[in-house]
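Overview (structure and organization)
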Amino acid sequence: IEDDRTTRRMVRAEILDRCHLIEADSALDGVSLFAQEKPDLVFIDINLPDGNGHNLLQWMVTVNPTLFAVMFSGYSDTHNIYKSINTGARGFVSKPVEHGKMTYFINQCAQTH
């Protein structure tokens, strides 16, 4: 769930052949697709145009406590990282996304599910 088209394109290029990828560009689309698709793994941007990724994460882990969620943001200060982990994220990725980070979390998710 990422509103920035360039970031979505970079993530897609890295993970498309490793999993079934569903993209959302807003919190509202993310909620809708999450409810329909019931994914095992979700990458969530913190700053979305129509919502806060932390609130979205909190709702998602309430609906699915075994969800493997990873937050990512250009604002990788300690507050955002701790809040993400304390809210239920299994990891945090700073933007710009370093190549291999998404694959790492896909592999971690596969080991837990």
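Refer to the structure presented above.
First, a word on what this report is: a plain description of the structure on this page. Keep in mind that this is a model prediction, so the values were computed, not measured.

1. Considering the overall build of the chain
Scanning the chain from N- to C-terminus turns up five helices and five strands. In sequence order, the secondary structure elements of the chain are arranged as α-α-β-β-β-α-β-α-β-α. For 113 residues, the compact-globule estimate of 2.2 N^0.38 gives 13 Å, and the C-alpha radius of gyration of the chain, at 13 Å, lies within 12% of that figure. In terms of principal-axis extent, the alpha carbons of the chain reach across some 30 × 25 × 25 Å.

2. With respect to helix H2 (residues 27–37)
Where H2 is concerned, the buried positions are Ala27, Gly30 and Phe34. An end-on view of H2 places all buried positions within 55° of arc, on one side of the element. Every exposed residue of H2 that faces more than 90 degrees away from the buried side is listed here: Leu28 and Gln36. In the segment just after H2, Lys38 is the residue with positive phi, at about 50°.

3. Regarding the packing of helix H1 (residues 5–15) against helix H5 (residues 101–112)
A pair of packed helices can be characterised by two numbers: the angle between their axes and the separation between those axes. Between H1 and H5, the least distance of the axes is 9 Å, while the angle of their chain directions is 55°. In terms of axis orientation, H1 runs oblique to H5. Once H1 is placed against H5, the crossing between them reads as right-handed. The residues of H5 that touch H1, namely those facing Val11, Glu14 and Ile15, are Lys101, Met102, Thr103 and Ile106. Looking at the contact of H1 with H5 residue by residue, the class counts come to four nonpolar, one polar and two charged.

4. Regarding the pairing of strand E1 (residues 41–45)
Along E1, four of the five residues are buried, which leaves the element largely enclosed by surrounding structure. Examined bridge by bridge, E1 and strand E4 (residues 68–73) share five bridges and lie parallel to one another. Residue pairing in the sheet places Ile44 in a bridge with Met71 of E4.

About the thresholds
- Residues numbered from 1 in each chain as written.
- Predicted model: local features only at pLDDT ≥ 70, side-chain atom pairs only at ≥ 80, totals over all residues.
- Heavy atoms only, no water.
- Helix = DSSP H or I, 4+ residues; strand = E, 2+ residues; numbered from the N terminus.
- Rg over C-alpha atoms; globule rule 2.2 N^0.38 Å.
- Buried < 20%, exposed > 50% of the residue type's maximum accessible area, 1.4 Å probe, protein only.
- Arc of directions from axis to C-beta.
- Axes fitted to C-alpha atoms, helices over the stretch in contact; angles between N-to-C directions.
- Parallel < 35°, antiparallel > 145°, perpendicular 65-115°, else oblique.
- Left-handed = near helix turned anticlockwise from the far one by under 90°.
- Contact = heavy atoms within 4.5 Å.
- Nonpolar A, V, L, I, M, F, W, Y, C, P; charged D, E, K, R; others polar.
- Pairing = 2+ DSSP bridges.

These values are about where atoms sit, not about what they do.
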